[in-house]
Structure formats: structure tokens, C-alpha cells
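Topology and contacts: notes
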Amino acid sequence: MNTQQPAYRGATETFVGTAMKDKAGREIGWIAGLNSNGVDYAAWVQSARKTKPGEFEAFGVPQRSKHFGSQAAATAWAFSEAKARVAKARQALQ
């Protein structure tokens, strides 16, 4: 009996910006990442900076994925967490 789950498909990542800049003038924000194998749904939020229009790179400590029972739950958590981190960063500057 094979108990292995299907392989994960390619991850999708969306940059959630803050409109705040680092010392080099790059926008800082977070990556909301999602991945699924059709059975398990993973999400993570990672610190990032925009390097060029439409391009961003992760920095800082790599984040661990959280696992969910549905794509909707994973997506909701990832974007909610990214938005919360944006709000916290903005609040820290006030």
C-alpha cells in the first residue's frame, strides 16, 4: 500500500508591499507564498524587497510553511498575515 502524498506543484508567490523604502530605496514588504499537492495546502509569509518593477527577493530568516486543509484557508491566512505585518511595520514608523 502506497501512503505517499502526491508531489507539490510549483509555488506561487505574491509581493504585498508597504510603500516604505529601505536605505537603498527599494520597497520593502512580504511575500505571501502558496503551494499545494491537491491534498495538503501550504502557505508562508516571508520578508522581501522589490528589486525591479514586478520582481522581488526574499531576505531574512526563511519561514516555515503552515499547512491547511483547503486552498481557501491557506490563501486567507497568508494574505491576512502579510497585511498584519504591513500594518505592524507602518505602525512602528509612526
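Scroll up to find the structure.
What comes next is a walk through the structure. (Residues numbered from 1 in each chain as written. Predicted model: local features only at pLDDT ≥ 70, side-chain atom pairs only at ≥ 80, totals over all residues. Heavy atoms only, no water.)

Regarding the overall build of the chain
The line we're drawing: Note on conventions: DSSP H or I runs of at least 4 residues are helices, E runs of at least 2 residues are strands, and numbering of each starts at the N terminus. Note on exposure labels: buried denotes an accessible area under 20% of the residue type's maximum, exposed denotes more than 50%, and partly exposed covers the range between, all computed with a 1.4 Å probe on protein chains only. By definition, residues are in contact when any of their heavy atoms lie within 4.5 Å. Per-residue and other accessible areas were derived by the Shrake-Rupley procedure at a 1.4 Å probe size, with only the shown protein chains allowed to occlude residues.
The secondary structure content of the chain amounts to one helix and five strands. Counting the 94 residues in the chain, one finds 31% classified as buried. Excluding contacts between residues fewer than 6 apart, the proportion of contacts in the chain whose partners are at least 24 apart in sequence is 47%. When the accessible surface of the chain is summed, it comes to about 6200 Å², and 53% of that surface belongs to carbon and sulfur atoms.

Points about the pairing of strand 3 (residues 41-52)
On a regular strand, one side chain projects to one face of the sheet and the next to the other, so that they alternate. Filter applied, for reference: Pairing between two strands requires that DSSP report at least two bridges joining them.
Examined bridge by bridge, strand 2 (residues 27-36) and strand 3 share nine bridges and lie antiparallel to one another. Paired with Ala 32 across the bridge in strand 3 is Val 45. Linking strand 2 to strand 3, which pair antiparallel, is a turn of four residues; within it Gly 38 sits at a positive phi near 90°. Relative to strand 5 (residues 66-68), strand 3 runs antiparallel, the two sharing three bridges.

Description of the side chain of Arg 49
For clarity, the threshold we go by: Between N or O atoms, a polar contact is any pair within 3.5 Å; within protein, one atom must be a potential hydrogen donor and the other a potential acceptor, and residues adjacent in sequence are included only when both atoms are from side chains.
Mapping Arg 49 onto the fold places it in strand 3. We classify Arg 49 as buried; its relative accessible area is 17%. A distance of 3.5 Å separates a polar atom in the side chain of Arg 49 from a polar atom in the side chain of Asp 22. Beyond its immediate chain neighbours, meaning those up to four positions away, Arg 49 contacts Phe 15, Asp 22, Arg 26, Glu 27, Ile 28, Glu 55, Phe 56, Glu 57 and Phe 59.

A short note on the pattern of salt bridges
Two side chains that carry opposite charge are able to pair once their charged atoms sit near each other. Which entries qualify depends on this criterion: Between Lys or Arg on one side and Asp or Glu on the other, a salt bridge is scored when a side-chain nitrogen of the former is within 4 Å of a carboxyl oxygen of the latter.
For the structure on display, the rule yields five salt bridges. Its salt-bridge partner being Arg 26, residue Asp 22 comes within 2.9 Å of it at the nearest N-O pair. The exposure class assigned to Arg 26 is partly exposed, which follows from its relative accessible area of 29%. Here the salt bridges do not stand alone but share partners, grouping Asp 22, Arg 26, Arg 49 and Glu 57 into one network.

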